[in-house]
Amino acid sequence: MENETSIDDLLNIHFAGRVVRKDLTKRLKEGANVPVYVLEYLLGMYCAVDDEEVIQEGMETVKSILIENYVRPDEAEKVKSKIKEHGNYKIIDKVTVRLNEKKDIYEAILSNLGVKGIEISSSYIKQFEKLLVGGIWCILNLQYLYEEGSNASPFIVTELKPIQMPNLDLEAVFKGRRAFTEEQWIDVLLRSTGLEPANFEDRVKWHLLARLIPFVENNYNICELGPRGTGKSHIYKEISPNSILVSGGQTTVANLFYNMSSRKVGLVGVWDTVAFDEVAGIRFKDKDGVQIMKDFMASGSFSRGRDVINANAAMVFIGNINQSVETLVKTGHLFAPFPEEMIDSAFFDRMHAYLPGWEIPKMRPEFLTGQYGLIVDFLAEFLKEMRKRSFSDAIDQYFKIGNNLNQRDVIAVRKTVSGLLKLLQPHGEFDKDIVERCFVYALESRRRVKEQLKKIGGMEFYDVHFSYIDNETLEEKFVGVPEQGGG
């Protein structure tokens, strides 16, 4: 087991103060329905060490903060009374802000406290745009000041601090990364998201890594369909304050892309990753919704009225496949769970990768790790910083892309390779072997999309024999997809 201790030790040496034992998160998570990054923000403040006594003290502090300051929806009245009686009180809650144009003021809604209409200074809005779209978890100081005859809310926000890592030194991350082997680093990334890699085969580890590509790659479109209970949506909801999970169902162009009346860009302009849970339920209230989504997925921009708007969000589509994959492959296509109006080859052609969710085992207790991992907030910030870089030309040094790939396929494959390399070798040092493995994975994930397009129809999708050529040996290698019988 020396490998085990070594990863934990390496993390404590190279990422001191940025790591947490994941069983602590798990223990706290059971009592409070808070996203993981909120819990680990607190754990990072009090428990980011390797000393059992300090950890125990820290845990007590975090527990008391959660009891005292985190607002549980069922105890909202108790907290309101505390604010009134003390005149001043700190709470942890999710804050969303809207502009009340009749009064020309910004008003905050505290979701767990259940209070709306709290006036909030526009300086916070300028600093933290996400307050307006989707809302963010914050630590806030509230005062209570009741004025007779006034219909304004008696609650006043005197201080507001989003629960997010303030800043991050990428060079320090690169330096830390160099201390680990590739295998160890994959384990670090997976443990940081709460999973125990020792219980997964290599191929599954790569699938779990691929779920992180939308966090590092701008305008990356990926879908993962598979059985229930494989942790598909967890990562987009809990792990990063930069991603938002939109539950299937009601979606409007104004909310997602652009609100013509308020002239504000929607979710895709503010969040790094927009994930749709339960694709079967996606419904656009506007008939041009799917079309705008297609434009955006193809180019990262869309037009509303006279404006052309650019945004960087990655789009993730998650859904459940209820019958066996073999049946679907034989009788239909693997995009079957999508709603009728989206089943259109032009729409699916914009997917850069299709993650085979059926290859990921259902989550069991032993899949959750109790070892050290990076605090998710730190991980999320590191992933966000990596969006500014691109490794999409890494392939060209060693390989040529086969002639069955059209322009869209090439873009898709390059993006996937770039994303995987940012996760695995963020410092930008890669040899032929790692590039080849990322390249093969990318070709397979895009070919899975192409095989379905061929079934949905369209002569232009018949070139599915994806291959690549080694620049040194000039040998051509073909890449298949397992469920099609291509190994």
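Now for a look at the structure at hand. Please read these numbers as outputs of a predicted model, since none were measured by experiment.

With respect to the sheet that holds strand β19 (residues 399-401)
Here is step 1: Strand order in this open sheet of three strands is β19-β20-β21, and the pairing throughout is antiparallel. Each end of this open sheet is capped by a strand with a single partner; those strands are β19 and β21 (476-478). Direction aside, the axes of adjacent strands within the sheet are offset by 30° on average.
Here is step 2: Direction of pairing for β19 relative to strand β20 (residues 467-470): antiparallel, over a ladder of three bridges. Residue Ile401 lies in a different strand from β20, and its bridge partner there is Tyr468.

Some points on the state of the cysteines
Here is step 1: Under the counting rule described, the total for this entry stands at zero disulfides.
Here is step 2: Free of any disulfide, Cys438 has its nearest cysteine sulfur in Cys223, 20 Å distant.

With respect to the sheet that holds strand β3 (residues 105-110)
Here is step 1: With antiparallel pairing, the five strands of this open sheet are ordered in space as β4-β3-β2-β5-β6. What marks the edges here is a single partner per strand, and that holds for β4 (115-120) and β6 (155-162). When the angles between neighbouring strand axes are averaged without regard to direction, this sheet yields 50°.
Here is step 2: Pairing of strand β2 (residues 88-100) with β3, which is carried by six bridges, proceeds in the antiparallel orientation. Bridging from a neighbouring strand, Thr96 pairs with Ile109 of β3.
Here is step 3: Its contacts with the sheet place helix α3 (residues 36-46) against β2, β5 (136-144) and β6, and it is angled at close to 70° to β5.
Here is step 4: The strands touched by helix α5 (residues 76-86) are β2, β4, β5 and β6; relative to β2, the strand with the most contacts, the crossing angle is about 105°.

Considerations on the side chain of Arg448
Here is step 1: Among the structural elements, Arg448 can be located in helix α19 (residues 432-456).
Here is step 2: The class of Arg448 is buried, set by a relative accessible area of 1%.
Here is step 3: Separated by 2.7 Å, the side chains of Arg448 and Glu483 make a polar contact.
Here is step 4: Once residues lying within four places of it in the same chain are set aside, the contact partners of Arg448 are Arg203, Leu334, Tyr354, Pro356, Trp358, Glu359, Val481, Pro482 and Glu483.

Side note on the packing of helix α8 (residues 182-192) against helix α17 (residues 376-386)
Here is step 1: Contact pair α8 / α17: the axes reach a minimum separation of 9 Å and the direction vectors enclose 115°. Across the interface between the two elements, Trp185, Leu189 and Ser192 from α8 touch Val376, Leu379 and Phe382 from α17.
Here is step 2: Split by residue class, the contact of α8 with α17 holds five nonpolar, one polar and no charged.

Here we look at the nonpolar core
Here is step 1: In this structure, Leu11, Phe15, Ile92, Leu374, Phe382 and Leu421 are the most contacted members of the largest nonpolar core, which totals 97 residues.
Here is step 2: Excluding residues that lie within four positions of it along the chain, Leu11 makes contacts with Ala16, Val19, Phe180, Val188, Tyr372, Gly373 and Leu374.
Here is step 3: Among the nonpolar cores identified, the runner-up in size contains 69 residues, and Val79, Val97, Phe128 and Leu256 belong to it.

Quick look at the pairing of strand β14 (residues 301-304)
Here is step 1: Of the pairings in the sheet, the one linking β14 to strand β15 (residues 307-310) comprises four bridges and is antiparallel in character. Bridge assignment links Ser301 to a residue of β15, and that residue is Asn310.
Here is step 2: Hairpin connection, β14 to β15: the antiparallel pair is bridged by two residues, and Gly305 has positive phi, about 60°.

How each quantity is defined
Residue numbering note: each chain is counted from 1, following its sequence as written. Predicted model: local features are reported for residues with pLDDT of at least 70 only, side-chain atom pairs are reported and counted for 80 or more only, and whole-chain, interface and lining totals are derived from all residues. The side-chain figures draw on all heavy atoms in the structure; neither hydrogens nor water molecules are used. In this scheme, strands are said to pair when DSSP sees at least two bridges between them. The way it works is that DSSP assigns letters per residue, a run of H or I at least four long becomes a helix, a run of E at least two long becomes a strand, and they are numbered from the N terminus. To obtain an axis, a line is fitted to C-alpha atoms, over the contacting stretch when the element is a helix, and the angle between two such axes runs from 0 to 180 degrees between their N-to-C directions. For the purposes of this analysis, a disulfide is any pair of cysteine sulfur atoms at a distance within 2.5 Å. Between two residues, a contact is recorded if the distance between any of their heavy atoms is within 4.5 Å. Burial classes follow relative accessibility: with a 1.4 Å probe on protein chains only, a residue under 20% of its type's maximum area counts as buried, one over 50% as exposed, and anything between as partly exposed. A 3.5 Å cut-off defines polar contacts: any pair of N or O atoms within that distance qualifies, except that in protein one atom must be a possible hydrogen donor and the other a possible acceptor, and neighbouring residues in sequence count only when both atoms are side-chain atoms. Ten residues, namely Ala, Val, Leu, Ile, Met, Phe, Trp, Tyr, Cys and Pro, are considered nonpolar, four, namely Asp, Glu, Lys and Arg, are considered charged, and the remaining ones, Gly among them, are considered polar. By convention a nonpolar core is built from buried Ala, Val, Leu, Ile, Met, Phe, Trp, Tyr and Cys residues, the set being connected through side-chain atoms within 4.5 Å.

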